[in-house]
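Commentary on secondary and tertiary structure
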Amino acid sequence: RTCLLAGDIDLVVHSLKDLPTGDLPGITLAAVPARDDPRDALVGRDGAKLADLPQGARIGTGSPRRAAQLRLLRPDIRPVPVRGNAGTRLAKVSSGKVDAVVLAYAGLARIGHLDLVTEVFEPDGMVPAPGQGALAVECCDTDPDLIGLLASVDDPDSRAAVTAERAVLAELQAGCSAPVGAYAAATPALRLTAVVMADDDSPPVRACASGPPGEAARLGRDVARELVRSGGGRYVTAAASRTSNGDDAQ
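Figured I'd write up the structure that's included with this text. Note that the structure is predicted; figures quoted are calculated from it, not measured.

Rules used throughout
- Residues numbered from 1 in each chain as written.
- Predicted model: local features only at pLDDT ≥ 70, side-chain atom pairs only at ≥ 80, totals over all residues.
- Heavy atoms only, no water.
- 1 Å grid on protein atoms, 1.4 Å probe; cavity = no way out; pocket = protein on both sides within 12 Å on 5 of 7 lines; lining within 4 Å.
- Points joined across faces, edges and corners; volume = space filled by probe spheres on them.
- Helix = DSSP H or I, 4+ residues; strand = E, 2+ residues; numbered from the N terminus.
- Nonpolar A, V, L, I, M, F, W, Y, C, P; charged D, E, K, R; others polar.
- Salt bridge = Lys/Arg side-chain N within 4 Å of Asp/Glu carboxyl O.
- Buried < 20%, exposed > 50% of the residue type's maximum accessible area, 1.4 Å probe, protein only.
- Pairing = 2+ DSSP bridges.
- Axes fitted to C-alpha atoms, helices over the stretch in contact; angles between N-to-C directions.
- Contact = heavy atoms within 4.5 Å.
- Disulfide = S-S within 2.5 Å.

1. Some thoughts on the layout of surface pockets
Each pocket or cavity is described by its volume, and for the largest pocket that value is around 790 Å³. Every residue lining the largest pocket is counted, 35 residues in all, and those nearest its centre are S15, K17, D18, R66 and Q132. Looking at the lining of the largest pocket, the elements with two or more residues in it are helix 2 (64-73), helix 3 (86-94), strand 6 (100-104), helix 4 (105-110) and helix 6 (156-172). Here the element with the most residues in the lining of the largest pocket is helix 4; it accounts for four residues. Residues that form the lining of the largest pocket fall into these classes: 17 nonpolar, 11 polar and seven charged. Taken as a whole, the second largest pocket spans an internal volume of roughly 360 Å³. Lining the second largest pocket are 17 residues, with P20, T21, D23, L29 and R166 positioned closest to its centre. Listing elements by their share of the lining of the second largest pocket, those giving two or more residues are strand 2 (27-31) and helix 6. Broken down by element, the lining of the second largest pocket gets its largest block of residues, five residues, from helix 6.

Next comes the structure, spelled out in structure tokens:
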């Protein structure tokens, strides 16, 4: 983004789930191409699915969202923080340091390692991160010709879905360290599901709503407010407190 504003480059492509939810003056989100698979995937040693892993299995993940949902699916497993790129994390499985890792299915597809996937989690079982599987193409808002050109690769359904999901994050004032999942799909109405989880045995808080794709941002804000009314706000506050105190939630 710094290079973009300096005029060193014409456009930038991000993994959308890593993009801050706040607008940056001078930059516009010119395109959200058709979204890839948003689901999470397990890579288990020796082809193991989640149900096949031994009691107390160690599962590597750098995501509080994934760790919390894994514990809901199997309370006995032990989420283990992992760092590094996908190759580094996959190597921890083959070396025996962990029994499995959970990564984005789309990310594994992009590096050509779908052959290692042993289980894919459906969104109703493990709600994805907001924007997971989608790309964001940004350019300067002072370049109408480029904005028009990039509009040709924009996918309206994908843009509506990620707009709703990211509005949940923005309204909750939650970052990537918060255990928040959100997933929307146009069918043709936009259906949004979001969940906020604790890092203990407290039950997750979930909210769902449907609305026109053209009102995606409002839909996301409404769902976030319902999460707060239902008690989910305290989980986000707790995660933010841990991060500010130097406790790495990842």
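2. What to know about the pattern of salt bridges
Considering all chains together, one arrives at 16 salt bridges under this definition. The residue E215 makes a salt bridge to R218 at a minimum N-O spacing of 2.7 Å. The exposure class assigned to E215 is partly exposed, which follows from its relative accessible area of 36%. The exposure class of R218 is partly exposed, given its relative accessible area of 31%. Across the pair D222 and R225 runs a salt bridge, and its minimum N-O distance is 3.7 Å. Taken as a pair, D222 and R225 lie in helix 7 (residues 216-229) at a separation of three residues, close to a single helical turn. Taking relative accessible area as the criterion, R225 reaches 37% and is therefore assigned partly exposed. A network of salt bridges, in which partner residues are shared, links E171, E215, R218, D222 and R225.

3. Section: the sheet that holds strand 9 (residues 180-186)
With respect to topology, three strands assemble into an open sheet ordered 9-10-11, the strand pairing being antiparallel. The outermost strands of the open sheet, each flanked by one partner alone, are strand 9 and strand 11 (205-211). Going from strand to strand, the sheet's axes swing by 10 degrees on average, the running direction of each strand aside. Examined bridge by bridge, strand 9 and strand 10 (residues 190-196) share seven bridges and lie antiparallel to one another. Of the residues in strand 10, the one forming a bridge with A182 is A194. In the packing of helix 7 onto the sheet, the strands contacted are strand 10 and strand 11, and the crossing angle to strand 11 comes to about 155 degrees.

4. Some points on the state of the cysteines
This structure, assessed with the given rule, holds zero disulfides. No disulfide involves C3; its nearest neighbouring cysteine sulfur is the one of C140, lying 11 Å away. A relative accessible area of 40% places C3 in the partly exposed class. In this structure C139 is a free cysteine whose sulfur lies 6.8 Å from that of C140, the closest cysteine sulfur available. In this structure C139 comes out as buried when scored by relative accessible area, which is 0%.

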